[in-house]
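Chain by chain, the residues run as shown.
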Amino acid sequence: TSTWASTTSRSLHTTISEIAQHKFDYSLDSSADDGGLITLPLSLIPMTRLLCRAVGIQLVLRDYSEDTLFVESDVMNMYPIVKHSDPRARDARKLKDLAEDRLSNGYLGESHELITE
């Protein structure tokens, strides 16, 4: 099995704690009885659904139980999650702004030339 399939919440917390200590010289509080783990009142299936939607994983449709999550063969598709894609042509924007400025100053010919570029 893969490493991610055998990862538990405790081992994930330990790994994150080690990274935080090594990179940022910061110690995560693990003095609690549960080892510093955050417990959430969510069941496993809705949490898995939220995770799959957030990272772009599409699973095979079947009845998943609370005991087992999903395995590699359950992954049907992976798709990219794109947030805030707002492509703009910087050069065209600059030319448009410059043409508007020229037009407001009364230079109709220069403004027309800049707009046609």
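For the structure itself, consult the block above.
Read on for an overview of the structure.

About the thresholds
- Residues numbered from 1 in each chain as written.
- Predicted model: local features only at pLDDT ≥ 70, side-chain atom pairs only at ≥ 80, totals over all residues.
- Heavy atoms only, no water.
- Helix = DSSP H or I, 4+ residues; strand = E, 2+ residues; numbered from the N terminus.
- Expected span 1.5 Å × (residues − 1).
- Buried < 20%, exposed > 50% of the residue type's maximum accessible area, 1.4 Å probe, protein only.
- Arc of directions from axis to C-beta.
- Salt bridge = Lys/Arg side-chain N within 4 Å of Asp/Glu carboxyl O.

Thoughts on unusual backbone geometry
- Although it is not a glycine, Asp25 adopts a positive phi angle of roughly 55 degrees.
- By secondary structure assignment, the location of Asp25 is in the loop between helix 1 (9–24) and helix 2 (44–55).

Observations regarding helix 1
- For helix 1, which comprises 16 residues, the first-to-last C-alpha distance of 22 Å matches the rise-based estimate of 22 Å (1.5 Å per residue) to within 8%.
- Buried within helix 1 are the following residues: His13, Ser17 and Ala20. For helix 1, the buried positions fall inside an angular range of 65 degrees around the axis, keeping them on one side. Along helix 1, the residues that are exposed and aim more than 90 degrees away from the buried face are Glu18, His22 and Lys23.
- Residue Asp25 follows helix 1 closely and has a positive phi angle near 55 degrees.

Notes on the side chain of Asp74
- Note on placement: Asp74 falls in the loop between strand 1 (57–59) and strand 2 (75–78).
- The buried category is assigned to Asp74, whose relative accessible area is 7%.

Here we look at the pattern of salt bridges
- All told, the structure shown has 5 salt bridges when counted by the stated rule.
- For Asp97, the salt bridge identified is with Lys96, shortest N-O distance 3.9 Å.
- What makes Asp97 partly exposed here is its relative accessible area of 35%.
- Among the residues examined, Lys96 registers a relative accessible area of 33% and is labelled partly exposed.
- In this structure, Glu100 engages Lys96 in a salt bridge whose closest nitrogen and oxygen atoms are separated by 3.0 Å. Placement of both Glu100 and Lys96 in helix 3 (residues 90–104) is noted, with a separation of 4 residues, approximately one turn of the helix.
- What makes Glu100 partly exposed here is its relative accessible area of 45%.
- Within this structure, Arg93, Lys96, Asp97 and Glu100 form a network of salt bridges that share partners.

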